[in-house]
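Structural characterization, general
Letter by letter, the chains look like this.
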Amino acid sequence: MTSSSSKALDGGWGWAIVMASFMAQLLAYGSPQSVGVLYPEWLHAFQEGKGVTAWVGSLVAGVGLIASPICSACVDNFGARPVTIFSGVMVAGGLMLSAFAPNVQFLIFSYGIVVGLGCGLVYAATLTITCQYFDKRRGLALGIVTTGTSFGAFLYATAQNELIVLYGLDGCLLIIGAVALNLMACAGFMRPLNMPGYYLKQKAALERNTEEQLFEKPAFDDLKITTGSPVTTPEKTLTVKELLITIEAKELSIQTEKKKGSFLAGLAIMKIIKKKQRAYSIYVQSMYEILQDPVMVSFCIAVFLFSLGAFPPVLFIEDVAQSEGLIEEVSVIPLVSIGAIATGVGKLVLGILVDIRWINSIYLYTFTMFAGGVALLLIPITKTYVGLQILSAVLGFFSGNWSLTSYITTKIVGIDRLTQAHGILMFFGGFGIMLGPPVVGWFFDFTNSYDWAFYFSGSAVVLGALILSLHTLPCRNKKPSNDDRPDVLYTSNCDKVASVA
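Everything numeric in this text was worked out from a predicted model, so none of it was measured. (Residues numbered from 1 in each chain as written. Predicted model: local features only at pLDDT ≥ 70, side-chain atom pairs only at ≥ 80, totals over all residues. Heavy atoms only, no water.)

**Describing unusual backbone geometry**
If you check the backbone angles, Gln-47 has positive phi at about 55 degrees while not being a glycine. Counting through the fold element by element, Gln-47 comes out in the loop between helix H3 (35-46) and helix H4 (50-66). What makes Gln-47 exposed here is its relative accessible area of 59%. (Helix = DSSP H or I, 4+ residues; strand = E, 2+ residues; numbered from the N terminus. Buried < 20%, exposed > 50% of the residue type's maximum accessible area, 1.4 Å probe, protein only.)

Here it is, written out as structure tokens:
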């Protein structure tokens, strides 16, 4: 397994994984990322306030990210292929169900929650399997994969406009829901590099005759294992997932013991329950250790503030133009499409830049936050449609920094803790995305203007950049003097920051 895994890195079937993941994100996120086109239609159809209606667009983007820890656990246990197949059913079903929505509250459930959870599963599956197949070219691969959301938003923004004209809002949602079923075809290409948890459990069930040999390995309390993971060292610490898999396999033997005596089986079951509690406590402890890293905490705060401020333009930019009476000037290409294609370019460019050895990815991310915050602050003082097009392109380009999140997370915590740490990070990002649009909508409902809303959004993004930069810049200055002291805890954090490039 070790040799096959090493050959698969940075090439070969990995590029098929990249293309399948690209198409999966395009199909899943095409409509949610261009929800700004549907937003004015829902306002007209249901006659609700902007703040209430904005929950539909915010939930579809935020719920999946908030549920990232659960989505990551699903990918860990079942693999990317089954998770992507199931997400195709959720996304397509949610979109088709939304065509029959009688009110905004139903739409919040069908489009916001069901489609949002499906998108979260796709996002976790595609990013996890891409990181497994790539090492040196991981930044480029992730840039290509995450570009799928932007390219999908560009296509769907124009397509949904045309479909609404031809078939109405209901017909549009039914058609794009049917197209989303192609997610199942994308899942077929996602050949697992490492066997997921459920496969190992089934394998253990088929090898009941050799269970005694299986558990003759080092004691459970030693937390050491010699096989089952593609690593270069002959012995490594038992991971949390392998720990839980071992316990599940152990439970198979308990079922056979029931035939010999219920009393002994009961005692064994109690022992297994205690061991499982210990395994989950270790899992929670590992999550706690991740949040003990100050670099990771500041990164989570920065992602939350960036999501809080930078996502609302995706939903409101078309309504901003209509409110200012600028939509009649130039309306061939929607503002949402301009922002989406700029985001795609940004993801590719930033993904290429982050692979350059001398570029520090955290500092690059901080710069994109500053630039995006300035663009948001300029939106209220822009009174021309061309100006809004330019700002949409600028903000979209720097919003492409989402392609850096997995890369930075891997550098901070390592590939072994990527799924856990990335789930935590996406929880913060999803929480910000979920709150951003309703806050902007409430600002408009109270002031009848988007000006103060975008001042707030821009200030939040700039604040996040300041927090991240103030925390990480001093570490780079400390690194030369502490190079020879790896035993010091804070040196490790600083070294992580300085080496993230």
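Now that the structure is up, let's keep going.
**Considering the side chain of Ser-31**
Here Ser-31 is to be found in helix H2 (residues 14-33). Leaving out residues up to four positions away in the same chain, Ser-31 has contacts with Leu-38, Leu-95, Tyr-111, Tyr-156, Gln-160 and Ile-176. (Contact = heavy atoms within 4.5 Å.)

**Some details on the side chain of Thr-405**
Turning to its location among the elements, Thr-405 is positioned in helix H19 (residues 405-413). When sequence neighbours within four positions are dropped, the list of residues in contact with Thr-405 reads Tyr-123, Phe-299, Tyr-365, His-422, Leu-425 and Met-426.

**Quick look at the packing of aromatic side chains**
Working definition: an aromatic ring pair is given by the centre-to-centre distance plus the angle between the planes. With the rule as written, the count across this model stands at 15 aromatic pairs. Between the aromatic rings of Tyr-29 and Tyr-123, the centroid separation amounts to 6.1 Å while the plane-to-plane angle is 70 degrees, which identifies the pairing as edge-to-face. With Tyr-29 in helix H2 and Tyr-123 in helix H7 (residues 104-133), this residue pair connects regions lying 94 residues apart in the sequence. Accessibility assignment for this pair places Tyr-29 and Tyr-123 in one class, buried. Each ring, one from Phe-397 and one from Phe-398, has its centre 5.3 Å from the other, and the planes form 85 degrees; the classification is edge-to-face. Taking the relative accessible area as the measure of exposure, Phe-398 reaches 15% and is therefore buried. Members of the aromatic cluster, each reached through a chain of ring pairs, are Phe-304, Phe-427, Phe-428 and Phe-431. (Phe/Tyr/Trp six-rings, centres within 6.5 Å; stacked < 30°, edge-to-face > 60°.)

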